[in-house]
2 protein chains.
Amino acid sequence: MARMDVLPVARAYSDIAGLVAAPPRCRNCAVRDSALCSSLDNRELSALSDIGRRRTIPAGQVVSWAGDASSSCANVVNGTLKVTATMADGREQIVGLLFPGDFVGQLFSDETSLTVTALTDTDICSYSRTAFEGLLDDLPRMERMLLKRTMASLNEARDRMLSLGRKNAQERVAGFILDLADRSGREEHDGSIHVHLPISRGGMADYLGLTIETVSRQLTNLKSAGIISFAKGDRECRILDRDQLEDIVNPA
Amino acid sequence: MARMDVLPVARAYSDIAGLVAAPPRCRNCAVRDSALCSSLDNRELSALSDIGRRRTIPAGQVVSWAGDASSSCANVVNGTLKVTATMADGREQIVGLLFPGDFVGQLFSDETSLTVTALTDTDICSYSRTAFEGLLDDLPRMERMLLKRTMASLNEARDRMLSLGRKNAQERVAGFILDLADRSGREEHDGSIHVHLPISRGGMADYLGLTIETVSRQLTNLKSAGIISFAKGDRECRILDRDQLEDIVNPA
DNA sequence: CGGAACGTTGAGCATAATCAACGACTGTGG
DNA sequence: CCACAGTCGTTGATTATGCTCAACGTTCCG
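The paragraphs below set out a description of the structure included in this document. (Residues numbered from 1 in each chain as written. Chains lettered and ligands numbered in written order. Predicted model: local features only at pLDDT ≥ 70, side-chain atom pairs only at ≥ 80, totals over all residues. Heavy atoms only, no water.)

Here we take up the protein's contact with DNA strand C. Taken together, 19 residues form the shell around DNA strand C, and within it Arg 201, Ser 216 and Thr 220 of chain A together with Ala 169 and Thr 214 of chain B come nearest. Counting only the atoms of DNA strand C that lie within 4 Å of the protein, the sugar and phosphate share comes to 67%. Between a phosphate oxygen of DNA strand C and a side-chain N or O atom of Arg 201 of chain A, the distance comes to 2.8 Å. The side chain of Thr 220 of chain A places a nitrogen or oxygen atom 2.9 Å from a phosphate oxygen of DNA strand C. Counting only elements with at least two residues in the surface near DNA strand C, the list comes to helix 7 (201–208) and helix 8 (212–224) of chain A together with helix 8 (212–224) of chain B. By residue number, the principal contributor to the surface near DNA strand C is helix 8 of chain A, which donates 5 residues. (Near = heavy atom within 4 Å. Polar contact = N/O pair within 3.5 Å; in protein donor to acceptor, adjacent residues only side chain to side chain. Helix = DSSP H or I, 4+ residues; strand = E, 2+ residues; numbered from the N terminus.)

As structure tokens, this is what we get:
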């Protein structure tokens, strides 16, 4: 056997007393414990890593166009993506936002119906769709995790159908801010909650089924009411009165 | 061994040369080849059948309330159900319609967030959620089928997000009729397409994120334009000009 | 410095909601 | 049998919500 200092790279994949180390690319991966990979042991992870490839996508670039062949899927490692449905005349609806740890791709289908675009510089771990599907047969825990996540996405989508179908502009904007707060809000020493808005006003409009102007006006309203605060044109927002925000989202 | 004419009932479950017959309840089931069960061989089907129970739900009755414990799931055998999300003040959005062969239930979750209601007298094959989840571990083909169906539902939900967020009333109503035509329309000898509307005007409103009056007016508009026809207040509808309907749904 | 994004604000308008009335049909009870 | 209430669908008048169009300020970058 080669000594480890002689073949340090090879060692990563070698089997020592039945144990396998994580592949080098995965070892310090930010989403090793939250993405689908978290369902895998090191041996399984190696198999997945073998078909995976790290890619960096610059902000604004489209990862996959609606209508393209569904040839790949990926885990989001870093950054933010939007998933959009569009009409022939250009109307656009953001049907999902993707954050680190999320899975993206249309499996078991030869064509995509949605467009995926990077909102920030984004790192993904990308797989050939067919290779991934093939591996899925041998990784039941990952398949189960994917099933659970898909079900969660479906629930989320249904929540948003209620928003888009039945809520007014103020309720939609307030709900969006609260959702963000629940996902990634940081409570400050003064009790306010700091929220980073991952998308522009135009993005919020496309997400909420509104126009830019309406979103801007509703944010201004909430600010005037002392419920939130933000610097003019800023993507950083502070929730000053969460209770009132919740009253708006869930009226009697 | 007992001769088969001595124990005819037992024979259904007996193993003859390694083969198992389908459980009696399943043998003439209308959805044996389309529901999740279609992924199972007779032996597996027996295991599923053992934990299943046939129920008939009268039209109008709620099968499961949002907020209830998620204690069961089911295959739809016959009839139509609606899945709704509601707000505290009564606003309602239909997030899905269920037809024979569809699966219903929130797995891997202790509480439901959606209400399921029978629109017609409905037969379902109902399972304890935990028992079903347990069985899923041993039925990989069924799990895979469930995964595919959940993904399909997610795609459908995202399509509807585009409708609810970005389409006007006429486009939503026209799109709804076309979707129904694709699902269950019957082409007539004269080239028209016969479509049965599975829900009332109020149901269509709740499905499309509109009001009853707006739905009624849009249907009248389509009738006046000679694109569809229906008797006043009728749930049967004929598409006279499918191309024009498609032009409405997908404008340049 | 000029242009392009982006966000805000105002004025006017269009779409769909609201409020209201009415006809058709169904089932119930007198 | 008929009167009645209840449900469902249609249609009209009015209103309100959010869209469209427009102008303007700021920031960023070539």
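Before going further, it helps to spend a moment on the sheet that holds strand 11 (residues 186–187) of chain B. Residue and element names in this part refer to chain B. Across the sheet, which stays open at both edges, the 4 strands sit in the order 11-12-14-13 with antiparallel pairing between neighbours. With one partner strand each, in any of the chains shown, strand 11 and strand 13 (228–229) form the two edges of the open sheet. By the bridge criterion, 2 bridges tie strand 11 to strand 12 (residues 193–196) in an arrangement that is antiparallel. By the bridge assignment, Glu 187 is partnered in strand 12 with Ile 193. (Pairing = 2+ DSSP bridges.)

This part takes up the protein's contact with DNA strand D. Close to DNA strand D lie 19 residues, the nearest being Ala 169 and Thr 214 of chain A together with Arg 201, Ser 216 and Thr 220 of chain B. Atoms of DNA strand D within 4 Å of the protein: sugar and phosphate make up 65%, bases the balance. Interatomic distance of 2.4 Å between a side-chain N/O atom of Thr 214 of chain A and a phosphate oxygen of DNA strand D. Contact distances for DNA strand D include 2.9 Å between a phosphate oxygen and a side-chain N or O atom of Thr 220 of chain B. Here the residues of the surface near DNA strand D sort into 4 nonpolar, 9 polar and 6 charged. (Nonpolar A, V, L, I, M, F, W, Y, C, P; charged D, E, K, R; others polar.)

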